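Listed below, chain by chain, are the residues.
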Amino acid sequence: KEPERFPLVTVNGVQKRIKEGGQICFSDPRNRKAAVDHVLAWYAKFDAERDKRVTDLDEVSGICEDLSLADCKGLCECPSCKKIAGDGPFADDRLVWDFMNHVGREIAAKRPGSFISFFAPYSGSGLRHPPEDVRIEPNVIPVTCRTEAVVMGKHYPFNTEFYEDISAMRRRGAKVIQNYDYLLYETTPQPLNILDAAEEYAKLGYKRYHVEVMQRNEQTWPILWSLARFSWDGKTNPYEYLEEFCRTYYGTGGQQVLEVMNFYHPKRRKFSRIELGGIENTHMMLPDNLIRRGRRLLDDAADQVNGVELERVKRFRQTFEMQARAAELYRAYCANLNERTPESRDAFNRQAADYLKYWEDNDLDETCSPSLLKYMKRVIASGDWSKAKTGSRPELKDEKIRFAEIFAGAKVPEKLENLFVLPELWKFRADPDDVGLKEKYVASAYDDSKGWQPISTWNWFEPQGYEFLNGSFWYRCRFKAPPMPA
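Quick caveat, the model's predicted, so the values are computed rather than measured.

Calculation rules
Residues numbered from 1 in each chain as written. Predicted model: local features only at pLDDT ≥ 70, side-chain atom pairs only at ≥ 80, totals over all residues. Heavy atoms only, no water. Helix = DSSP H or I, 4+ residues; strand = E, 2+ residues; numbered from the N terminus. Buried < 20%, exposed > 50% of the residue type's maximum accessible area, 1.4 Å probe, protein only. Contact = heavy atoms within 4.5 Å. Areas by Shrake-Rupley, 256 points an atom, 1.4 Å probe, with all protein chains shown as cover. Lys, Arg positive; Asp, Glu negative; His and termini not counted. Charge placed at Lys NZ, Arg CZ, Asp CG, Glu CD. Pairing = 2+ DSSP bridges. Axes fitted to C-alpha atoms, helices over the stretch in contact; angles between N-to-C directions. Phe/Tyr/Trp six-rings, centres within 6.5 Å; stacked < 30°, edge-to-face > 60°. Lys NZ or Arg CZ within 6 Å of the ring centre and 35° of its normal. Salt bridge = Lys/Arg side-chain N within 4 Å of Asp/Glu carboxyl O. Parallel < 35°, antiparallel > 145°, perpendicular 65-115°, else oblique. Left-handed = near helix turned anticlockwise from the far one by under 90°. Nonpolar A, V, L, I, M, F, W, Y, C, P; charged D, E, K, R; others polar. Polar contact = N/O pair within 3.5 Å; in protein donor to acceptor, adjacent residues only side chain to side chain. Core = buried A, V, L, I, M, F, W, Y, C linked by side-chain atoms within 4.5 Å.

(A) Seen up close, the overall build of the chain. Looking only at helices and strands, one finds 14 helices and 12 strands in the chain. For the C-alpha atoms alone, the extent of the chain along its principal axes is close to 80 × 70 × 40 Å. Every one of the 486 residues in the chain was classed for burial, and the buried ones make up 46%. Of all intrachain contacts in the chain linking residues separated by at least 6 positions in sequence, the fraction that spans at least 24 positions is 74%. When the accessible surface of the chain is split by element, carbon and sulfur atoms take 52% of a total near 25,500 Å². Looking at charge distribution, the chain has the averaged site of its 72 positive side-chain charges lying 3 Å from that of its 74 negative ones.

Here's what the structure looks like:
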């Protein structure tokens, strides 16, 4: 009924209005009024329920109404929004901050002392921080959202972009900043740099610390407990809380448990960031030598305790073993996709059966989310290369289609002189251990007759049988170029 209140965005080269899965139009006066009315209604309900709350926690919980954007991209491109946004790398940020600052001013006038918040540097919407010419209203609270587990780098424990965003918002006048962090997905061990991050937020004067739990297993509780204790008083190093938890919860086996958790400590790792976690991250964090060492340590921990402490150590050991077997499975997955021999297939199938049997024998549904088992079954199914749809795309034989794709949506020139198109099929190899440079995969003389599979370069690699591949991979192509003008 009111399409102009929804975003006008360019999708596949065509501008259209989107109602589902998009943001609102930020310049429409009705949307601005609706946002203000929504915040006032929220505070009215909040005030009406005052008697039902523990009000002495209001200050520490940083009470404010959240106006975060939808968890998707596509900011409005209508003439009014484009005029506000202007040009430049932070045009989208200017548009959103203009809207939030407007709501903030209206709320300050109608209900002084009230705040609004929204996720500001957030990869889901593409936002980072306000441009230099924008000042943040005092009652608008940026919620910084750290979606990567950063391991090394100049601004540890944050990556450079996140650190720049925080610093810029301080300079633009942010009086209060809150934070939203994530634990990694549960197939992946949780690096302890999240404790370093919490300590850094405290130094920066953050008002509230929030962590979303993306996993449910025995490794989660020591970290959550340590974060809760530190966030409450901030007087003790969070690593001391972690040590206290392990000592009191796992008894004399706690030292070995703590040592295993330190396997994943970022200062001991070489890679620069982990995106929330997946099976390929598990593989990187748990090489075979660490798996062997972890198993020895946790067996030793179990030998030292009994009763409830033994049960707790067993649960931690089950979580470690579940992740270790996932890492081994990923390595077999990559080897099978590369080699595609009966031997590689049998090795992968053995590893897959071993993982599923371990889950069933130990009833891991009790300590780990069943959704993880569904995920691992998808990984196992995708490792069957006999079902991979690798091969040429027949429609490319049509010259009209082929040239339309070569020019990627642009108009195909009437004359096509001196155009040489590389072959569609190249050779492809996963490189999970990142040895390609050392073994000279890049050399023209390298023998790629074994362990390299044909792949269409006119398609992504995921739908061609590599759904869960991440990290390093290589393409090779051999061709004879025709004579061409100087």
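(B) Focus on the sheet that holds strand S11 (residues 453-456). Taken together, 3 strands build an open sheet; the order of strands is S11-S10-S12 and the sheet is antiparallel. The sheet terminates laterally at S11 and strand S12 (473-476), the two strands that pair on one side only. Here the average twist between neighbouring strands, direction ignored, is 45 degrees. As paired elements, strand S10 (residues 425-430) and S11 share 4 bridges and run antiparallel to each other. Paired with Lys427 across the bridge in S11 is Pro454.

(C) View of the sheet that holds strand S3 (residues 65-66). Taken in spatial order, the 5 strands of this open sheet run S3-S4-S5-S7-S8, and their pairing is parallel. Looking at the sheet topology across the chains shown, the edges are occupied by S3 and strand S8 (208-212). Strand direction decides the pairing type here: strand S7 (residues 178-182) and S8, joined by 5 bridges, are parallel. Looking across to S8, one finds that Asp181 is bridged to Val211. Packing of helix H3 (residues 91-110) onto the sheet brings it into contact with strand S4 (116-119) and strand S5 (140-146), and relative to S4 it is tilted by some 165 degrees. Against the sheet, helix H4 (residues 160-171) makes contact with S5 and S7, and its axis sits at roughly 170 degrees relative to S5, the strand it touches most.

(D) Highlighting the packing of aromatic side chains. Using the criterion set out here, one finds 34 aromatic pairs in the structure. Centre to centre, the rings of Phe428 and Phe473 are 5.8 Å apart; their planes meet at 35 degrees, and the pair counts as tilted. With Phe428 in strand S10 and Phe473 in strand S12, the pair connects residues that are 45 residues apart, well separated along the chain. By relative accessible area, Phe428 is classed as buried at 0%. In this structure an aromatic cluster arises from ring pairing among Trp225, Tyr241, Phe245, Tyr249, Tyr250 and Phe316. Lying across the ring of Phe403, Arg402 places its NZ or CZ 5.6 Å from the centre. When the ring centre of Trp452 is taken as origin, the NZ or CZ atom of Arg476, which lies over that ring, is 5.9 Å away.

(E) Structural context of the pattern of salt bridges. Tallied over the entire structure, the rule returns 32 salt bridges. Close ionic contact of Glu49 with Lys45 constitutes a salt bridge, the shortest N to O distance being 2.9 Å. On the accessibility criterion, Lys45 (52% relative accessible area) is exposed. Residues joined by salt bridges that share partners form a network here, namely Glu2, Glu4, Arg5, Asp28 and Arg30.

(F) Molecular detail of the pairing of S5. Of all 7 residues that make up S5, 7 are buried, and the element is covered over most of its length. Note: S4 against S5, 4 bridges, orientation parallel. Note that in S5 the partner of Phe118 across the bridge is Pro142. Sheet topology note: the S5/S7 ladder contains 4 bridges and is parallel. Paired with Arg146 across the bridge in S7 is Asp181.

(G) Looking closely at the packing of helix H1 (residues 29-48) against H3. The N-to-C vectors of H1 and H3 enclose an angle of 50 degrees; their axes lie 10 Å apart at closest approach. Taken as axis vectors, H1 and H3 run oblique relative to one another. Seen from above, H1 lies across H3 with right-handed handedness. Seen from H1, the contacting residues are Asn31, Arg32, Ala35, Val36, Val39 and Leu40; seen from H3, they are Asp98, Phe99, His102, Val103, Glu106, Ile107 and Lys110. Residue composition of the contact of H1 with H3, by class: 7 nonpolar, 2 polar and 4 charged.

(H) Structural detail: the environment of Asn159. Looking at where Asn159 falls in the secondary structure, it is placed in the loop between strand S6 (148-150) and H4. Judged by its relative accessible area of 10%, Asn159 is buried. C-alpha of Asn159 to C-alpha of Gly22: the two residues are 137 residues apart in sequence and 28 Å apart in space. If we ignore the near neighbours within four places in the chain, the residues touching Asn159 are Glu148, Val150 and Arg273. Of the polar contacts made by the side chain of Asn159, one reaches the backbone nitrogen of Glu161; its length is 3.1 Å.

(I) Structural detail: the nonpolar core. If you look at the biggest cluster of nonpolar residues, it comprises 41 residues, and the most contacted ones within it are Phe26, Leu69, Val96, Trp97, Met100, Val103 and Phe118. When residues of this core are assigned to their parent elements, the largest contribution, 8 residues, is made by H3. Those residues in contact with Leu69 that lie beyond four places of it in its chain are Gln23, Phe26, Leu75, Val96, Met100, Phe118, Ser125 and Leu127. Ranked by size, the runner-up nonpolar core spans 39 residues in total, among them Phe230, Leu297, Val305 and Val313.

(J) Representation of the environment of Thr341 in the model. By secondary structure assignment, the location of Thr341 is in the loop between helix H11 (307-339) and helix H12 (342-361). Assessed through its relative accessible area of 27%, Thr341 is described here as partly exposed. It is 9.3 Å that separates the C-alpha atoms of Thr341 and Gly451, two residues lying 110 residues apart in sequence. Among all residues touching Thr341, those that are not within four sequence positions of it are Asn336 and Trp385.

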